[in-house]
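Single-letter residue listing:
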Amino acid sequence: MKMAFPHMGNAYIPLRSLVENLGAEPVVPDRPHRGTLERGLLHAPEFACLPFKVTLGDCLNALDKGADTLAMVSGMWACRFGYYGRVQHMILRDLGYEFQSVLFGGERPADIWNKLKPVVGWGAPRKAAGALSVFRAKAAAVEEVEARLRELRPREVRKGESDRLASRLLRRLDEADTLRKVRMLRGEAREALAEVRCREETDDILRIRLVGELYVLLEPALNLDLVRRLGSDFRIEVQPVLSTYKWLLCSLWLDPRLKVEAVKARRLTRPYLPYVLGGEEHMTVSGTLTARREGFDGVIHAYPLTCMPENICRTLLPKICRERDVPLLSLCFDEHTSPVGVTTRLEAFIDLLRSRRLSREGKRGSGAYAVPAAATAPWD
Ligand code: SF4
């Protein structure tokens, strides 16, 4: 079985090892780029949300690379995510591709087991336990590297040093095939990232909370590399409310703390949103509600055009931010989003945040903040 799954940030690192350790051959398509989106756009319904189009392009790339099985997770049917796998696979079959579908959460567990039985075999419980422990360790290592990277980017002396180091470490992590190697690499990564030389004066660093739809928050190809650019070019410490680790481990019940966090978020947002909409709406609203208290200077809400849960949040967040006196920037992404337009809006928003910070510190005055030169250049 040659099994493929769509890209989403660095989720491919733990997912590749999971597929491999269960006995199938993983087929990982290239990182999404403009060409991936264009392939998806050609065959997707026009008003489908952006992640649908990119993941459809990913599936096409994976099939061209020789995949014979496409795996996809399904949401809980409240938003379109519940239909992603079925509709995408229907489109691909109409295009003439032949493959087997495995829809986690969209099919009966017995049907999924029947498809996986030939590769997993009868040693399934032992194999699955081993595969899941490597999967969990890799997801935790990715989480730690990503979190450290977000802290280092605005502080590093040599711009891009921590990114270069992290990409080497993540490549080695992807290749590690045993639990012992993963643990060793995690320790090595911690030490290597601690060596990155940082500026001494860091009081001027602003903190921004990033909320919104999961795929847009985690996949740089969709958000125009928002997290890296905010850290490296604008010298901002960004904290997204979601991460690869949270998404992967929460849905598989592999970390009970994440379930507790999700329950707390739902409880906190109940006065605003008493329903489940099927996306990340509770994390979006709770992340905004607590932003000021947790020391963030502003909130960026990033979501795809036509995303049902996040458009509902879009109507709630301005009032919440007004009540809590926290600035908000909404960024809506689709295939027509202009990188230059996004950069301009970020510059204006960050200028506002800096002015607020300066006036709070009693240093009111114009010209105290100069937009970094690199930030004025269009997206790569
Ligand atoms: S959460 Fe939004 S973008 Fe994601 S599948 Fe649902 S409607 Fe589409």
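Up top you'll find the structure we're talking about.
Keep in mind the model is a prediction, meaning the values are calculated, not measured. (Residues numbered from 1 in each chain as written. Predicted model: local features only at pLDDT ≥ 70, side-chain atom pairs only at ≥ 80, totals over all residues. Heavy atoms only, no water.)

Draft legend 1. Molecular detail of the state of the cysteines. For the structure on display, the rule yields zero disulfides. A disulfide-free cysteine, cysteine 321 has its sulfur positioned 11 Å from the sulfur of cysteine 313, the nearest such atom. Free cysteine: cysteine 332, not disulfide-bonded; nearest cysteine sulfur from cysteine 307 at 9.1 Å. In this structure cysteine 332 comes out as partly exposed when scored by relative accessible area, which is 29%. (Disulfide = S-S within 2.5 Å. Buried < 20%, exposed > 50% of the residue type's maximum accessible area, 1.4 Å probe, protein only.)

Draft legend 2. Summary view of the sheet that holds strand β3 (residues 69-73). Sheet architecture is open: four strands sit in the order β2-β1-β3-β4, paired in parallel fashion. Strands with a single pairing partner mark the edges of an open sheet, and in this sheet they are β2 (25-27) and β4 (100-104). Within the sheet, the average angular offset between the axes of one strand and its neighbour, ignoring direction, is 30 degrees. Lying on the sheet, helix α5 (residues 109-120) is in contact with β1 (2-4) and β4; it crosses β4 at an angle near 130 degrees. (Pairing = 2+ DSSP bridges. Helix = DSSP H or I, 4+ residues; strand = E, 2+ residues; numbered from the N terminus. Axes fitted to C-alpha atoms, helices over the stretch in contact; angles between N-to-C directions. Contact = heavy atoms within 4.5 Å.)

Draft legend 3. Examining helix α12 (residues 256-269) more closely. For α12, built from 14 residues, the straight-helix expectation of 20 Å at 1.5 Å per residue is met to within 8% by its first-to-last C-alpha distance of 20 Å. Close packing links the buried residues of α12 with α11 (244-251) and α13 (281-289). (Expected span 1.5 Å × (residues − 1).)

Draft legend 4. Molecular detail of the packing of α11 against α12. Where α11 meets α12, the axes come as close as 9 Å, and the angle between the chain directions of the two elements is 100 degrees. For the element pair α11 / α12, the angle class is roughly perpendicular. Seen from α11, the contacting residues are Tyr245, Lys246, Leu249 and Cys250; seen from α12, they are Arg257, Leu258, Lys259 and Glu261. Classifying every residue of the contact of α11 with α12 by side-chain character gives four nonpolar, no polar and four charged. (Parallel < 35°, antiparallel > 145°, perpendicular 65-115°, else oblique. Nonpolar A, V, L, I, M, F, W, Y, C, P; charged D, E, K, R; others polar.)

Draft legend 5. Spatial organisation of the packing of aromatic side chains. Per the stated rule, a full pass over the model turns up two aromatic pairs. Geometrically, the ring pair formed by phenylalanine 52 and tyrosine 84 is edge-to-face, given 5.2 Å between the ring centres and 85 degrees between the ring planes. Of this pair, phenylalanine 52 sits in helix α3 (residues 50-64) while tyrosine 84 sits in helix α4 (residues 81-94), and the two are 32 residues apart along the sequence. Taking the relative accessible area as the measure of exposure, phenylalanine 52 reaches 4% and is therefore buried. Overall, tyrosine 84 belongs to the buried group, its relative accessible area being 6%. On the basis of an interplanar angle of 80 degrees and a centroid distance of 5.3 Å, the ring pair of phenylalanine 81 and tyrosine 84 is categorised as edge-to-face. Highlighted residues: phenylalanine 81 and tyrosine 84, both in helix α4, separated by three residues, approximately one helical turn. (Phe/Tyr/Trp six-rings, centres within 6.5 Å; stacked < 30°, edge-to-face > 60°.)

Draft legend 6. A look at the pattern of salt bridges. Summed over the entire model, instances satisfying the criterion amount to 28 salt bridges. For arginine 16, the salt bridge is made with aspartate 174, and the minimal N-O distance between the two is 3.0 Å. Residue arginine 16 is located in helix α1 (residues 12-21), and its partner aspartate 174 is located in helix α7 (residues 161-175); the two are separated by 158 residues in the primary sequence. Classification of aspartate 174 by relative accessible area gives buried; the value is 16%. Linked through salt bridges whose partners overlap, the residues forming this network are Glu144, Arg186 and Arg190. (Salt bridge = Lys/Arg side-chain N within 4 Å of Asp/Glu carboxyl O.)

Draft legend 7. Focus on the layout of surface pockets. In this structure, the second largest pocket occupies an estimated 650 Å³ of space. Along the wall of the second largest pocket there are 28 residues; nearest its centre are Asn10, Arg31, Glu146, Arg153 and Pro220. For the lining of the second largest pocket, the secondary structure elements donating two or more residues are α6 (124-152), α7, α9 (214-218) and α10 (226-232). Both of domain 1 (2-121) and domain 2 (205-376) provide at least three residues apiece to the lining of the second largest pocket. (1 Å grid on protein atoms, 1.4 Å probe; cavity = no way out; pocket = protein on both sides within 12 Å on 5 of 7 lines; lining within 4 Å. Points joined across faces, edges and corners; volume = space filled by probe spheres on them. Domains from an automatic or database assignment.)

Draft legend 8. Representation of the site of the ligand in the model. Taken together, Cys49, Pro51, Cys79, Arg80, Phe81, Tyr84, Glu213, Pro304, Cys307, Met308 and Pro309 make up the full set of residues near the ligand. Secondary-structure elements contributing two or more residues to the shell around the ligand are α4 and α14 (308-324). Of the residues assigned to the shell around the ligand, the class counts are nine nonpolar, no polar and two charged. Residue contributions to the shell around the ligand reach at least three from each of two domains, namely domain 1 (2-121) and domain 2 (205-376). (Near = heavy atom within 4 Å.)

Draft legend 9. The arrangement of empty space enclosed by the protein in detail. As enumerated under the stated definition, the model contains one cavity of 30 Å³ or more in all. Roughly 40 Å³ of volume is contained in the largest cavity. For the lining of the largest cavity, the secondary-structure elements that each account for two or more residues are α6, α7 and α8 (179-194). Here the lining of the largest cavity is composed, by residue class, of seven nonpolar, no polar and one charged.

Draft legend 10. Region of the structure containing the sheet that holds strand β8 (residues 328-333). Across the sheet, four strands lie side by side as β6-β5-β7-β8; this open sheet has parallel pairing. With one partner strand each, in any of the chains shown, β6 (236-240) and β8 form the two edges of the open sheet. Within the sheet, the average angular offset between the axes of one strand and its neighbour, ignoring direction, is 25 degrees. Pairing of strand β5 (residues 206-212) with strand β7 (residues 298-304), which is carried by five bridges, proceeds in the parallel orientation.

Keep in mind these numbers describe shape, not what the thing actually does.
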